[in-house]
Amino acid sequence: TLDFLIIDFSLYVTEIDIFHEGTPLVPPLNNSFNDTLWLSTLYDYGLVGNNLGLIISKFTNNYSVGSVRFVNLLLLFFNQILLVFICRKLVSGLNLDKYAKNIFFIILTLLVISFIDYNVSTISYFPPRTCLFLLFLLVVTDFLMDIKNSFWKIFLVGNFSLLSILWWIDIGIYVNLLIAVLLIYLMTQKEYFKVSYILIGIFSAWFIFVIYFPIEEIREFFYQIKFITSISGYLLGLEYPQPFSAHSSRETRALLLLIFAGVSVIVLNFNKNINLNFSAKFIISILFVSSIIFFQSSIMRTDTPHIKYSSGPYMFILYFSILYYLFYKLQKSKINIYFKKISSNFILISFICFFSIVNIKIINFSNLFKVKNNISELIYAADGKFLSDKYKIFVKYYSKLSKDDDCIQILSDDIALPYFLKKPSCTQFFIPAHILIDWNEDKFINQIQKSNSQFILYSSPLIWLNNKDNMPNVVSFIKSNYYLYNNFMGWHIYKKN
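Conventions we followed
- Residues numbered from 1 in each chain as written.
- Predicted model: local features only at pLDDT ≥ 70, side-chain atom pairs only at ≥ 80, totals over all residues.
- Heavy atoms only, no water.
- Helix = DSSP H or I, 4+ residues; strand = E, 2+ residues; numbered from the N terminus.
- Buried < 20%, exposed > 50% of the residue type's maximum accessible area, 1.4 Å probe, protein only.
- Contact = heavy atoms within 4.5 Å.
- Areas by Shrake-Rupley, 256 points an atom, 1.4 Å probe, with all protein chains shown as cover.
- Expected span 1.5 Å × (residues − 1).
- Salt bridge = Lys/Arg side-chain N within 4 Å of Asp/Glu carboxyl O.
- Axes fitted to C-alpha atoms, helices over the stretch in contact; angles between N-to-C directions.
- Parallel < 35°, antiparallel > 145°, perpendicular 65-115°, else oblique.
- Left-handed = near helix turned anticlockwise from the far one by under 90°.
- Nonpolar A, V, L, I, M, F, W, Y, C, P; charged D, E, K, R; others polar.
- Pairing = 2+ DSSP bridges.
- Disulfide = S-S within 2.5 Å.
- Core = buried A, V, L, I, M, F, W, Y, C linked by side-chain atoms within 4.5 Å.
- 1 Å grid on protein atoms, 1.4 Å probe; cavity = no way out; pocket = protein on both sides within 12 Å on 5 of 7 lines; lining within 4 Å.
- Points joined across faces, edges and corners; volume = space filled by probe spheres on them.
- Phe/Tyr/Trp six-rings, centres within 6.5 Å; stacked < 30°, edge-to-face > 60°.

Student: I'd love a proper account of the overall build of the protein, names of residues and values included.
Tutor: Helix and strand content of the protein: 22 helices and three strands. Looking at the 497 residues of the protein, the share that counts as buried comes to 54%. For the protein, the share of sequence-separated contacts (at least 6 apart) that also reach a separation of at least 24 residues comes to 73%. When the accessible surface of the protein is split by element, carbon and sulfur atoms take 63% of a total near 23,300 Å².

Next comes the structure, spelled out in structure tokens:
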């Protein structure tokens, strides 16, 4: 808790990533203006992932760039807490004496929570989206070790089928795959009551969901799941290079680490001398299965951020395996007598305090006494503080230009623009890259025709995923019904004929 509370939150009032950070900024506007969810927005992350701003606004009465950034920091903080509890469950199943366990726990915890990086420009091994996955792992482990077989605890496991899909689509798919693996395992163990309880949890959650929302929203929800899962590999795809080929060191290293993690899991599970209990074996096994499933993100988009944020589970396994091997050997040597001497509260607290001040760039103990003000400064920071001078000029110009439009439509990668103009997007497609031939071009054209928007931002200096070749019919429609109104500092603005 300490390392989170003494963060200098003012360091997060920096220039926004217009493309990536626009994804959780625009959907809440669409929801507020249209009073719909999936019908007004094509979610690329998921209902919760794309509406972080809307969620925080329920508690702060404010919705801003700073508030979304704070939610992401808060989720990272929750990840740290969940990782500590996972370490505790894991260490409780080790074949070590209690003094060695104490030291092992604190070292493993310090190593694992260092996977969480609060720097705004850095990706963590366990990014905000993995928060629900870590909670799922804890709940599943807890229910498997519950001798009483509490109905509600097992029932909750089934509820994660829906909750995870609403959370982040990719995390939802991964969690549902893990639930399927869990059900198969329980069937092999003839745990039929647990299987039935989980299935009741799954079907009851989905039943409530289906009857709560209008049928049009439900249809759109399932369409979007199908769409995102079908096109993500194509849209985001960067070919994973052949291992050991030229310029593949990063990708080869990731594959080797995954293999080493798998070997470690096999040794820890089947080496009789190690003698881990069931909960420890289950945690490392489910982490490895998760590693394989999560690695899909690395294959889909072969770049450093995607490789890093999909590697948390197997890095956890590797850290644990190496550390346990060292302690297992040390316990058999004379050095074991020192474990008792150093296993004191004072030493443990010293370790924690040391870790808290490691990242001096973002941490300052004086912030502890003004944490409330620091958080408020971030959450309530003016939008202009997150924009470059050039972008401020463009936003001001486009605001005046589109003052009579009720909505904003872009066909560039300026995803956050509708947010800064405080207007919803004219169509579900606030991310133009999701307009694809043979998928939804007609849908986009139909929606844009119904809007009163006179202007469309057609292209800009910002290029991420935008590729007009993927939407030939839309391009033809725009060229037939709009004309180039102005090239303002590289932003090409079209106006309706």
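Student: Let's hear about helix α11 (residues 249–270): which residues, and what values?
Tutor: Taking 1.5 Å of rise per residue, 22 residues should cover 32 Å, and α11 covers 32 Å from first to last C-alpha, within 8% of that figure. Within α11, the full set of buried residues consists of Glu251, Thr252, Ala254, Leu258, Ala261, Gly262, Ser264, Val265, Leu268 and Asn269.

Student: I'd love a proper account of the pattern of salt bridges, names of residues and values included.
Tutor: As enumerated under the stated definition, the model contains seven salt bridges in all. As a salt-bridge pair, Asp170 and Arg129 come within 3.1 Å of each other at their nearest N and O atoms. Residue Asp170 is found in helix α8 (residues 169–188), and its partner Arg129 is found in the loop between α5 (98–113) and α6 (131–144); the two are separated by 41 residues along the sequence. With respect to class, Asp170 is no different from Arg129; both count as buried. The residue Lys403 makes a salt bridge to Asp404 at a minimum N-O spacing of 3.6 Å. Across the pair, exposure class does not vary: Lys403 and Asp404 are exposed alike. One salt-bridge network, held together by shared partners, links Lys89, Asp142 and Lys153.

Student: Help me get a handle on α8, residues and values and all.
Tutor: Under the 1.5 Å per step criterion, the end-to-end length of α8 is 29 Å for 20 residues, consistent within 8% with the ideal 28 Å. Within the span of α8, buried status applies to Ile169, Asp170, Ile171, Gly172, Tyr174, Val175, Leu178, Ile179, Leu182, Leu183 and Leu186. Immediately downstream of α8, the backbone of Lys190 shows phi near 60°, a positive value.

Student: A description of the packing of helix α4 (residues 65–92) against α6 should follow, citing residues and the corresponding values.
Tutor: It is at 9 Å that the axes of α4 and α6 come closest, and there the two elements cross at 25°. Between α4 and α6, the angle is such that the two are roughly parallel. Crossing of α4 against α6: the hand is left-handed. Contacts from Leu75, Phe78, Asn79, Leu82, Leu83, Phe85, Ile86 and Lys89 of α4 reach α6 at Cys131, Leu134, Leu135, Leu137, Leu138, Thr141 and Asp142. Taken together, the residues of the contact of α4 with α6 break down into eleven nonpolar, two polar and two charged.

Student: Any chance you could break down the sheet that holds strand β1 (residues 455–459) for me, citing the residues and the numbers?
Tutor: Read across the sheet, three strands follow the order β1-β3-β2 without closing on themselves; strand pairing throughout is antiparallel. Both edges of this open sheet fall to β1 and β2 (482–488), since each of them pairs with a single strand only. Adjacent strand axes in the sheet meet at a mean angle of 35° when their direction is disregarded. Relative to strand β3 (residues 491–496), β2 is paired through six bridges, and the arrangement is antiparallel. The partner of Asn487 across the bridge, within β3, is His492. Together, β1, β2 and β3 form the strand contacts of helix α22 (residues 472–481), whose direction differs from that of β2 by roughly 90°.

Student: Could you give me a rundown of the state of the cysteines, with the residues and numbers involved?
Tutor: Each disulfide consists of one covalent bond between the sulfur atoms belonging to two cysteines. Across all of its chains, the model carries one disulfide by this definition. The disulfide partner of Cys407 is Cys426, and the gap between their sulfur atoms is 2.1 Å. Residues Cys407 and Cys426 are joined through a disulfide that is right-handed, its torsion about the S-S bond being 100°. Of the two residues, Cys407 is situated in the loop between α19 (389–401) and α20 (417–420) and Cys426 in the loop between α20 and α21 (441–450); the sequence distance between them amounts to 19 residues. In this pair, the class of Cys407 matches that of Cys426, namely buried.

Student: How would you sum up the nonpolar core? Please name residues and give values.
Tutor: By size, the foremost hydrophobic cluster in this structure holds 158 residues, and its most contacted members are Phe104, Ile198, Tyr324, Tyr398 and Leu417. Among all residues touching Phe104, those that are not within four sequence positions of it are Val91, Leu94, Leu96, Phe320, Leu323, Tyr324 and Phe327.

Student: For empty space enclosed by the protein, give the residues involved together with the corresponding values.
Tutor: By rolling a water-sized probe across the atoms, one finds the places where empty space is left. Under the defined criterion, the tally for this structure stands at two cavities of 30 Å³ or more. A volume near 50 Å³ is recorded for the largest cavity. Every residue lining the largest cavity is listed: Trp38, Tyr43, Gly46, Leu47, Ile165, Leu166, Ile169, Phe221, Gln224 and Ile225. For the lining of the largest cavity, the secondary-structure elements that each account for two or more residues are α7 (151–167) and α10 (215–236). At three residues, α10 tops the list of elements feeding residues into the lining of the largest cavity. Here the residues of the lining of the largest cavity are counted per class, giving eight nonpolar, two polar and no charged.

Student: Kindly report on the packing of aromatic side chains, identifying the contributing residues and their values.
Tutor: Throughout the structure, instances matching the rule amount to 41 aromatic pairs. When the centroid spacing of 5.2 Å and the interplanar angle of 75° are considered together, the rings of Phe227 and Trp439 count as edge-to-face. Taken together, the residues span a long stretch of sequence, with Phe227 in helix α10 and Trp439 in the loop between α20 and α21 at a distance of 212 residues. A relative accessible area of 0% places Phe227 in the buried class.

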